[in-house]
Amino acid sequence: MNFEAKTRGWPKIEIRNLHKSFGPKKVLDGVDLDVAAGESVVVIGGSGTGKSVMLKCILGLLQPDRGSIKVDGEEVVGMNGSERRRVMRKFGMLFQGAALFDSLPVWMNVAFGLIEGRHMPRDEAKAIALGKLAAVGLGAEVAELYPVELSGGMQKRVALARAIATEPEIIFFDEPTTGLDPIMSDVINELIIKCVQDLGATALSISHDMASVRRIAHRVAMIYNGRIIWTGAVDAIDHSGNPYVDQFIHGRAEGPIQMAAAYP
Ligand SMILES: Nc1ncnc2c1ncn2[C@@H]1O[C@H](COP(=O)(O)OP(=O)(O)OP(=O)(O)O)[C@@H](O)[C@H]1O
Ligand SMILES: [Mg+2]
């Protein structure tokens, strides 16, 4: 950890005994996780272990089968309509697959939450969008393009600009550096740190990129078999004493984590 949380304190998000299955497939099997205000937590874990599902449960995009999720002490499981919209205004989200609106130019994608959610005049929203695009290394010429005209890495950066456009209290970053070159990854890492440090945002991220994890996390949580099996300060990951964490951070095929790889 090389940056300090500004307002680390009360629990911003509290997840207890969260369960989610799809048909017979148990994905989340009793997840417990706390994220304190102003803290940056990164969840690590193998592909298909339910990391994105967990974020979608918090956002209400998926309905958990069981368990509790509190945001600022308020239970959000089962919340709907205007109550949920009120709570959701606290959040910004970078989806794993960018998930941009194809029919809108880049700047409108970024400004969407400001215009639709905050009823900001278009000119004002556009000026903010251009500023956020600049922060992710994209010039004004990109603002008028459509998502289909961008490379994958550029789409990711637009999605990131959208996630931070409203300067939300809580930001979820699902694989923020996947598909970016090492230099751009570092720009994005810096931006995430800035959101936490300068804006006092609370960040919950998912990453496979250990270099990024080491830069952006105060605390790391490892998910395995539907549960958080280890959590600790980022400085502790090299001495966790946990064989699952060791195998994951070193990317070893050999170890307690069995990958369902099919060899001919
Ligand atoms: N809407 C859905 N309907 C059915 N199954 C789903 C749905 N969403 C996710 N799953 C299943 O839940 C499991 C966990 O998916 P999830 O996307 O959370 O994985 P992940 O940990 O984010 O993986 P990755 O690191 O590859 O992004 C997978 O087996 C996936 O097929
Ligand atoms: Mg995922």
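The residue numbering used here restarts from 1 in each chain and proceeds along that chain's sequence as written. Think of it this way: whatever chain is written first is A, whatever ligand is written first is 1, and the rest follow in order. Reporting in this predicted model follows two pLDDT cut-offs: at least 70 for local features of residues, and 80 or more for side-chain atom pairs to be given and counted; totals over whole chains, interfaces and linings ignore these cut-offs and use all residues. Side-chain metrics rest on all non-hydrogen atoms present in the structure, leaving aside hydrogens and water.

J.: Go over the coordination of the magnesium ion (ligand 2) with me, naming the residues and quoting the values.
T.: Any N, O or S atom lying within 2.8 Å of the metal counts as a donor, with the limit raised to 3.2 Å for Na, K and Ca; because water is left out of the atom set, some sites can appear incomplete. Coordination sphere of the magnesium ion (ligand 2), protein contribution only: S52 (OG) and Q96 (OE1), at 2.1 to 2.3 Å. With S52 in helix α1 (residues 51–59) and Q96 in the loop between β6 (91–94) and α3 (106–117), this pair connects stretches of sequence that are 44 residues apart. Throughout, exposure labels follow a simple rule: accessible area from a 1.4 Å probe, protein chains only, divided by the maximum for the residue type, with under 20% read as buried, over 50% as exposed, and the rest as partly exposed. Among the residues examined, Q96 registers a relative accessible area of 42% and is labelled partly exposed. Numbering goes from the N terminus for both helices and strands, where a helix is a DSSP run of H or I of at least four residues and a strand is a run of E of at least two.

J.: Run through the sheet that holds strand β8 (residues 202–206), naming residues and quoting values.
T.: Strand order in the open sheet formed by 6 strands is β6-β7-β8-β3-β9-β10, and the pairing between neighbours is mixed. If you trace the sheet from one side to the other, it starts and ends with β6 and β10 (227–233), each paired once. With direction set aside, neighbouring strand axes in the sheet form an average angle of 15°. As judged from the 4 bridges shared by strand β3 (residues 40–44) and strand β9 (residues 219–224), these two strands associate in the parallel manner. Paired with V42 across the strands is V220, a residue of β9. The contact definition used throughout considers only heavy atoms, calling two residues in contact when any of these lie within 4.5 Å. Here an axis means a line fitted to C-alpha atoms, over the contact stretch when the element is a helix, while the angle between two N-to-C directions is reported on a 0 to 180 degree scale. Across the sheet, α1 lies against β3, β6, β7 (170–174), β8 and β9, angled at about 145° from β8, the strand it touches most. Here a strand pair is declared whenever DSSP counts at least two bridges between the two strands.

J.: Describe in detail the sheet that holds strand β4 (residues 66–71), supporting the description with residues and values.
T.: As a general point, the strands of a sheet are linked pairwise by backbone hydrogen bonds and lie either parallel or antiparallel. Across the sheet, 4 strands lie side by side as β2-β1-β4-β5; this open sheet has antiparallel pairing. Looking along the sheet, the strands with just one partner apiece sit at the ends: β2 (25–36) and β5 (74–75). Relative to β4, strand β1 (residues 11–22) runs antiparallel, the two sharing 5 bridges. Note on β4: the bridge partner recorded for H19 is R66.

J.: Mind laying out the site of ligand 1, listing which residues take part and the relevant values?
T.: The local shell around ligand 1 holds 13 residues, among which K25, S47, G48, K51 and Q96 are the closest. For the purposes of these results, a polar contact is taken to be a pair of N or O atoms within 3.5 Å, where, inside protein, one atom must be able to donate a hydrogen and its partner to accept one; residues adjacent in sequence count only when each atom of the pair is a side-chain atom. A distance of 2.4 Å separates an oxygen atom of ligand 1 from a polar side-chain atom of S47. Within the contact set of ligand 1, an oxygen atom lies 3.1 Å away from a backbone nitrogen or oxygen of T49. Accessibility throughout is a Shrake-Rupley quantity obtained with a 1.4 Å probe, and a residue counts as covered only by protein chains that appear here. Out of a free accessible area of 640 Å², ligand 1 has 65% covered by protein chains. At the level of elements, β2 and α1 are the ones that each hand at least two residues to the shell around ligand 1. By residue class, the composition of the shell around ligand 1 is 3 nonpolar, 8 polar and 2 charged. Distances are taken per atom, and a residue is near a molecule or strand as soon as one of its heavy atoms is within 4 Å of it. Throughout this entry, Asp, Glu, Lys and Arg are counted as charged residues, while Ala, Val, Leu, Ile, Met, Phe, Trp, Tyr, Cys and Pro are counted as nonpolar. The remaining residues, Gly among them, count as polar.

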